[in-house]
Amino acid sequence: MRSFEYIRASKPEDAVRSGATIIAGGTNLLDLMKLEVMTPETLVDVTRLDMKSIDADDDGVRIGALVTNSDLAADPHIRRDYAVLSRALLAGASGQLRNKATTGGNLLQRTRCTYFTDTSQPCNKRDPGSGCAAIGGKNRILAILGASEKCIATHPSDMAVAMRALDARVEIRGHDGEIRLATLDDFYLLPGGNPEKETILGEGDLITSIHIPKPEPGKHIYRKVRDRSSYAFALVSVGGVLGIEGGKIAHASLAFGGLAPRPWRNAELEHALVGQTPDAALFDRAADILLADAKGQGDNDFKIPLARRTLKAALRELTGVSQ
Amino acid sequence: MTEHLKMDKVQPRMLDETGQGAITVPMDRPEGRLKVAGQATYAAEYKAENMAYGVLVRATITKGQVTSIDEGSVTSLPGVLGVFATGKMPRSPAQGTAGAAPIQPEGRVDYFGQPIAVIVAESFEQARHAASNLKIAYEAETAETDPETASEIDVPDGQLLDQGDIEAAMSDAAFTVDATYTTPPHNSAAMEPHASLAEWHGDNLVLHGAYQMLKFNREELADSLGIDPEKVRIHSPYVGGGFGGKLGISQEAIAAAVAARELKRPVRVVMARQQVFEMTMRRTESRQRVRLAADKDGKITGLAHEDRVSNLPEEGFSEPTAVASHFLYGGENRFFRQEVARIHRTTAGSVRAPGEAIGQLALECAMDELAEKTGIDPVQLRIQNIPEKHPESGLPFSSNSLAQCLTDGAERFGWSERKGVGKRREGEWFVGMGVASAARTNILMESRARVTLNPDGTALVETDMTDIGTGTYAILGQIAAEMLGLPTEKVTVELGDTNLPGASGSGGSWGAASAGSSVFLGAKAIRSKIAKSLGCAPEELRLKDGIATGANNRRPLAELMSGPISEEGHIEPGTTMEEFAQSGFGAHFCEVGVNAVTGEVRVRRMLAVFAAGRILNEKTARSQGHGGMIWGIGSALTEAIEHDPRDGRIVNHDFAEYHMPVHLDVPDLDVMFVEELDDHSNPLQSKGIGELGLSGAGAAVANAIYNACGVRVRDYPATPDKIFPHLPE
């Protein structure tokens, strides 16, 4: 670990500091600092800032960036009206980690690609231009959608998958104190030629809260397929909300984890579902749309059929139609 | 005085006569409270005045020579004291019971991640930062890292056996199985990483370490440093798990000792988790071909078990994959052959139940396949093929209760409720049951202990034996208490110090029997002295709760003793190891659910029945069973080291991606013991139990998967991707 300066922020302005890295729960950052995957010169600890409340009303909920994953998962509003989020949180990490990890920090988790976390290996995300050792290496846990020839990392968060399905927006306080909101679609960048740039956050930006509109009535699901029952990242996960009226799908929002460099959502898939009578053929069509551009890397080829099966099972459960 | 016994003949069942009631009972571990309260000091927690901190530096090539180490690249960093041990650094840890230095290659690199130096600094953080930034130049060579394509293959003579005619047996058989199974590399993955603190007092070295076999480790460390073993003291009272990973002296100890000598101050070196994976030992991957030939009644007529494993060049160890296949089942035509691929991956060594752990993943799965072909129930097929005597050597078994384990287990588990393949479905889940036999060779090793009885009715047991979390403190105290007629709380046990009499060490499941027998003998000698004081023959003496009775005399110990009586017990293996085939046996039963959509497997319940001679402590023995069963779940479902195909580097070198079972993966585990005393094993009539719990456990899981959904996974572990493609969408 490289020596660093530690500053405790007492007001949001303190977080605006050139070259500084923000630390909240530290569950991911500290590991990466020990490995020297991340070597910040300055850490700004924001945990004293007033960003710990969950404020729900009839239109939605505003979740402070410092709300812990445990508290968020247990919140009665979240459990009742945003069940997919609560379930996704509880499907992630371990009890100890959830007690420490924050909402804002969870969104900014770094990939679990083992080539990213070993500094002896080339990695365009860690060391731009050095190459991608995961391509041609062991890539069982890596991406089949949204990857590029520079990077095939996956985003590890479960929480972010649920938030993507719930149309969450990230509230960002800019270096000048101006507040702006970004959808997760805008917030997360695909790797393209610059996998080191993962979000739209710039110098001095601070995530202050997450806004989630109240979902339309419907059934919630978070289904995570993993190598062991707990404390494993998703091979494939599906989260979302689906409502049925008069035997037809009235609305559907679905997001996917374990497949891509960011929580994945496909508008075309949802359009294909809405207004339709649910049946096996429809579910197949949805899976075809989701996976039309999927590309395996060898070890992770299985994710393509696994995502298909998992999506179809999720749709069966959401619609109650098993045939 | 020393009470010596070479185990050449059956010994009286003294522990049946003593009557104190200390043995077998499920006593809590006396040091357990210290451990859960954080008060047991582990190696990495010792501090010494003026201590410096060392961090090992790894090679980032697979094969070649270090041409230069640019010390200047780190010496200007704050706190750095220097780069040490480049000449003495061993390539690998010593293999178990080596008793001599491991290879010290002087800058030659044979696998990615091999330690090549230690950087020492004033603080741990400074040392770690410098270790990340030390510039090393190499002359790299191309390296073979794939056991399947390796050009250098050894065929060890010791693993070759060709009895009868296996080819003829296969062609004449009514039923045959010819299947190939593969198992991945494993890591011991003890909770405590490898850690050492070295302190020199003049020419004498004291090492606080985390080791399993101190008597051997002292020799290994001294030899590595080029000094007299008498000048080395290793202190290892608590070890946070071993599982074979701490059998031999490892690099951090030698590095700490060298750096401390040069700096003239204490140096502590603790491996990071990634280093434990890369630098210590892995269990080899294996490819195993098992052939079974059976007649129309399901009697096995031929059995062949061939395997390919790997290790580094010049490493003597090869996984004894087929060890239990030699005697679990009969059949007159037998063939065994091993190939050892010489490749450049992290050293292969003993990991929990070397041989049995992976050999039975293959053999017991093949038995399930034979059961299906013959249409005979898998429990019955096993029972009817248990040999009367060792099918190769012809030796009688010292004891063999496998049939009872299978029968009792089937009854208790509700085996008769097992349905046909794919016939039980609960919603999205296929549900099935599996069974496997367990066998783990029983071994007695030379061991010494000193037992002291005080007139106040307390006693002290001293030996350099280790407790690696298994319950050694408990059982050695129980044996002494039983023999001396004292309540167990009156006995203190001191372990883990090479200044004490040399023990067998913890490994090979021989620790309890070997160290326990030495304590038994020491206490037996004390009994003789007390009998003499009392004026009775030793066999007449009764000792209970501090009172001696015999020859119509009844006296408190204090009245019979003028001072403490101290006796050393010394056990050695003898002819009973040569005249009898000795093994613990058991049976595993497992029920799993397999998700029809995703292929995820969840173990629902497990039962193991063990026959391991006298059970010395029902609680710690049960815990050993639980541990083994959990290892079985891991090896069946989740655990696998992945090597990069290009350079052999271990890719998943931490607990985030090396998946051991977590709590939610482990259901209620049921363990039962069959009553058994083994008169040929040792004077306690016990057999090893630690590794028996793992042997066969994973195969029961795999067989349950097949029964549940009809997918036969022969490539362990059975992760979802190996199952769902074979299930209807």
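Residues numbered from 1 in each chain as written. Chains lettered and ligands numbered in written order. Predicted model: local features only at pLDDT ≥ 70, side-chain atom pairs only at ≥ 80, totals over all residues.

### Re the overall build of chain B
The following threshold applies: Strands are runs of DSSP state E lasting at least two residues, helices are runs of H or I lasting at least four, and both sets are numbered from the N terminus onward. In this setup the radius of gyration rests on C-alpha atoms only. A globule is expected at 2.2 Å times the number of residues raised to 0.38. With C-beta atoms placed from the backbone, a contact is any residue pair whose C-beta atoms sit within 7 Å.
Helices and strands together make up the secondary structure of chain B, namely 17 helices and 31 strands. For a compact globule of 729 residues, the expected C-alpha radius of gyration is about 27 Å, and chain B comes in at 26 Å, within 12% of that figure. A fraction of 82% describes how many contacts in chain B between residues 6 or more apart in sequence connect residues 24 or more apart.

### Re the overall build of chain A
As a reminder of what qualifies: Backbone-placed C-beta atoms define the burial measure: a residue is buried with 20 or more other C-beta atoms within 10 Å of its own, exposed with 12 or fewer, and partly exposed in between.
What chain A contains, in helices and strands, is 11 helices and 12 strands. Computed over C-alpha atoms, the radius of gyration of chain A comes to 19 Å, within 12% of the 20 Å expected from 2.2 N^0.38 for 323 residues, which places it in the range of a compact globule. For the C-alpha atoms alone, the extent of chain A along its principal axes is close to 60 × 50 × 35 Å. Taking all 323 residues of chain A together, 52% fall into the buried category.

### Some remarks on the sheet that holds strand 10 (residues 236-245) of chain A
Residues and elements named next belong to chain A. We count it as follows: Strand pairing follows a simple DSSP-based rule, namely that at least 2 bridges must link the two strands.
Strand order in the open sheet made by the 4 strands is 9-10-11-12, with antiparallel pairing throughout. In the strand order of this sheet, the two ends are held by strand 9 (219-225) and strand 12 (264-265), each with one partner. Inspection of the sheet shows strand 9 paired to strand 10 by 7 bridges, in the antiparallel sense. Across the sheet, Val225 pairs through a bridge with Val236, a residue of strand 10.

### Concerning the UniProt feature "domain: Aldehyde oxidase/xanthine dehydrogenase a/b hammerhead" (unreviewed entry) in chain B
Definition in use: UniProt positions are given in the numbering used here, feature names are shortened, and annotations may be inferred rather than shown by experiment.
Within this structure's numbering, the places UniProt gives as "domain: Aldehyde oxidase/xanthine dehydrogenase a/b hammerhead" (unreviewed entry) are residues 37-142 of chain B. Secondary structure content for residues 37-142 of chain B is 13% helix and 32% strand, and the end C-alpha separation is 50 Å.

### Regarding the domain arrangement of chain A
So the rule is basically this: Here the bounds of each domain stem from an automatic or database domain assignment.
Partitioning chain A into domains gives domain 1 (5-45) and domain 2 (219-319). Of note, the centres of domain 1 of chain A and domain 2 of chain A, computed from C-alpha atoms alone, are 36 Å apart.

### What about the sheet that holds strand 1 (residues 5-8) of chain A?
All names here are of chain A. Keep this limit in mind: The convention used is that axes are lines fitted to C-alpha atoms, helices contributing only their stretch in contact, and that angles between N-to-C directions extend from 0 to 180 degrees.
Strands sit in the order 1-3-2 across an open sheet of 3 strands; the sheet is parallel. The sheet is open, and its two edges are formed by strand 1 and strand 2 (20-23), each paired on a single side. Averaged over all pairs of adjacent strands, the angle between strand axes in this sheet comes to 30°, irrespective of strand direction. In this sheet, strand 3 (residues 42-45) lies alongside strand 2 in parallel orientation, the contact comprising 4 bridges. Looking at strand 3, one finds that Ile23 is bridged to Asp45.

### Quick notes on the interface of chain B and chain A
Which entries qualify depends on this criterion: Ten residues, namely Ala, Val, Leu, Ile, Met, Phe, Trp, Tyr, Cys and Pro, are considered nonpolar, four, namely Asp, Glu, Lys and Arg, are considered charged, and the remaining ones, Gly among them, are considered polar.
Each partner contributes residues to the interface: chain B has 28 residues there, and chain A has 24 residues. At 4 residues, helix 4 (residues 124-133) of chain B tops the list of elements feeding residues into the side of chain B that touches chain A. Here the side of chain B that touches chain A is composed, by residue class, of 9 nonpolar, 8 polar and 11 charged.

### Here we look at the domain arrangement of chain B
Quoted interface sizes are often the accessible area lost when the parts come together. Residues and elements named next belong to chain B. Partitioning chain B into structural domains gives domain 1 (2-40 + 445-573), domain 2 (43-143 + 192-281) and domain 3 (355-365 + 377-382 + 391-442 + 579-726). Here the C-alpha centre of domain 2 lies 37 Å away from the C-alpha centre of domain 1. At the junction of the two partners, domain 1 supplies 16 residues and domain 2 supplies 20 residues. Its residues assigned to classes, the side of domain 1 that touches domain 2 shows 4 nonpolar, 9 polar and 3 charged.

### Observations concerning the UniProt feature "domain: FAD-binding PCMH-type" (unreviewed entry) in chain A
UniProt annotation of "domain: FAD-binding PCMH-type" (unreviewed entry) refers to residues 1-217 of chain A when read in the numbering used here. As a span, residues 1-217 of chain A carries 22% helix and 18% strand, and end to end its C-alpha atoms are 49 Å apart.

### Let's talk about the packing of helix 9 (residues 356-374) of chain B against helix 17 (residues 697-709) of chain B
All names here are of chain B. Quick reminder of the rule: Two helices crossing with the near one rotated counterclockwise from the far one by less than a right angle form a left-handed crossing, whereas a clockwise rotation gives a right-handed crossing.
Interhelical geometry of helix 9 versus helix 17 gives an angle of 35° and a closest axis separation of 8 Å. The element helix 9 and its partner helix 17 pack so that their crossing is right-handed. Packed against helix 9, whose contacting residues are Gln360, Leu361, Glu364, Cys365 and Asp368, the element helix 17 presents Gly698, Ala699, Ala702, Asn703 and Tyr706 at the interface. Grouping the amino acids of the contact of helix 9 with helix 17 by side-chain chemistry returns 5 nonpolar, 3 polar and 2 charged.

### What to know about helix 11 (residues 402-413) of chain B
Residues and elements named next belong to chain B. To keep it simple, the criterion reads: Given the number of residues in a helix, its expected span is that number minus one, multiplied by 1.5 Å. To obtain the arc, one takes the directions from the helix axis to the C-beta atoms.
A rise of 1.5 Å per residue sets the reference length of helix 11, with its 12 residues, at 16 Å; its end C-alpha atoms lie 16 Å apart and thus fit the reference within 8%. Within the span of helix 11, buried status applies to Leu402, Cys405, Leu406, Gly409, Ala410 and Phe413. Axial view of helix 11: buried residues confined to an arc of 120°, hence all on one face. Taken together, the buried residues of helix 11 touch helix 10 (378-384), strand 21 (429-441), strand 29 (583-595) and strand 30 (601-611). Gly414 sits one or two positions beyond helix 11 and adopts a positive phi of about 80°.

### A word on the pairing of strand 31 (residues 669-673) of chain B
Regular strands place side chains that alternate from one sheet face to the opposite one. All names here are of chain B. Burial of strand 31 is one-sided: the residues Leu669, Val671 and Phe673 facing one way are buried, the residues Asp670 and Met672 facing the other way are not. Sheet topology note: the strand 30/strand 31 ladder contains 5 bridges and is parallel. The residue of strand 31 that forms the bridge with Phe610 is Phe673.

### Points about the nonpolar core
Residues and elements named next belong to chain B. Note the cut-off: The term nonpolar core refers to a group of buried residues, namely Ala, Val, Leu, Ile, Met, Phe, Trp, Tyr and Cys, whose C-beta atoms join them within 7 Å.
The biggest cluster of nonpolar side chains holds 246 residues, and the ones touching the most others in it are Ala480, Val701 and Ile705. A total of 12 residues in this core trace back to one element, the largest contributor, which is helix 13 (residues 511-534). Apart from residues lying up to four places away in sequence, Ala480 is in contact with Val451, Ala459, Val461, Val491, Val519 and Ala523. Of all hydrophobic cores here, the second largest spans 85 residues; its members include Ala43, Leu81, Ala121 and Met279.

### Here we look at the environment of Ala371(B)
Residues and elements named next belong to chain B. Mapping Ala371 onto the fold places it in helix 9. According to the C-beta neighbour criterion, Ala371 is buried, with 22 such atoms within 10 Å. Placed 16 residues apart in sequence, Ala371 and Gly355 show a C-alpha to C-alpha distance of 23 Å.

### A look at unusual backbone geometry
Residue and element names in this part refer to chain B. Note that the residue after Tyr716, namely Pro717, is joined by a cis bond; omega there is -5°. Positionally, Pro717 belongs in the segment after helix 17. Despite not being glycine, Ala551 shows a phi value in the positive range, around 50°. When you line up the elements, Ala551 lands in the loop between strand 26 (547-550) and strand 27 (553-556). The backbone of Asn552 sits at a positive phi, close to 55°, despite the residue not being glycine. Relative to the elements of secondary structure, Asn552 occurs in the loop between strand 26 and strand 27. Overall, Asn552 belongs to the exposed group, with 8 C-beta atoms counted inside 10 Å.

### Some points on the pairing of strand 2 (residues 52-58) of chain B
A large share of strand 2 of chain B lies buried, amounting to 7 of its 7 residues. Of the two faces of strand 2 of chain B, the one carrying Ala52(B), Gly54(B), Leu56(B) and Arg58(B) and the one carrying Tyr53(B), Val55(B) and Val57(B) are both buried.

### Some details on the environment of Gln96(A)
You can see Gln96(A) is positioned in helix 5 (residues 95-100). Placed 89 residues apart in sequence, Gln96(A) and Asp185(A) show a C-alpha to C-alpha distance of 30 Å.

### Describing helix 7 (residues 251-263) of chain B
All names here are of chain B. Along its 13 residues, helix 7 runs 18 Å from first to last C-alpha, staying within 8% of the 18 Å computed at 1.5 Å per residue. Within helix 7, 10 of the 13 residues are buried, which leaves the element mostly enclosed by the surrounding structure. Those residues of helix 7 that fall on the buried side of the exposure criterion are Gln251, Glu252, Ala253, Ile254, Ala255, Ala256, Ala257, Val258, Ala259 and Ala260. Phi for Lys264, located one or two positions after helix 7, is positive at around 55°.

### What about the packing of helix 10 (residues 280-291) of chain A against helix 11 (residues 303-319) of chain A?
Residue and element names in this part refer to chain A. Applicable threshold: Between 65 and 115 degrees an angle is taken as roughly perpendicular, under 35 as roughly parallel, over 145 as roughly antiparallel, and anywhere else as oblique.
For the pair helix 10 and helix 11, interaxial distance at closest approach is 9 Å and the crossing angle is 140°. Our classification of the angle between helix 10 and helix 11 gives oblique. In this structure, helix 10 meets helix 11 at a crossing whose hand is right-handed. Where helix 10 abuts helix 11, its residues Phe283, Ala286, Ala287, Leu290 and Leu291 lie against Ile304, Ala307, Arg308, Leu311, Lys312 and Leu315. Its residues assigned to classes, the contact of helix 10 with helix 11 shows 9 nonpolar, no polar and 2 charged.

### A look at the environment of Arg126(A)
Residue and element names in this part refer to chain A. Looking at the element boundaries, Arg126 is found in the loop between helix 6 (103-107) and helix 7 (159-165). When the 22 C-beta atoms within 10 Å are taken as the criterion, Arg126 is described as buried. Residues Arg126 and Val37, spaced 89 residues apart in sequence, show a C-alpha to C-alpha distance of 6.9 Å. For Arg126, the residues in contact, after removing those within four places along its chain, are Val37 and Phe116.

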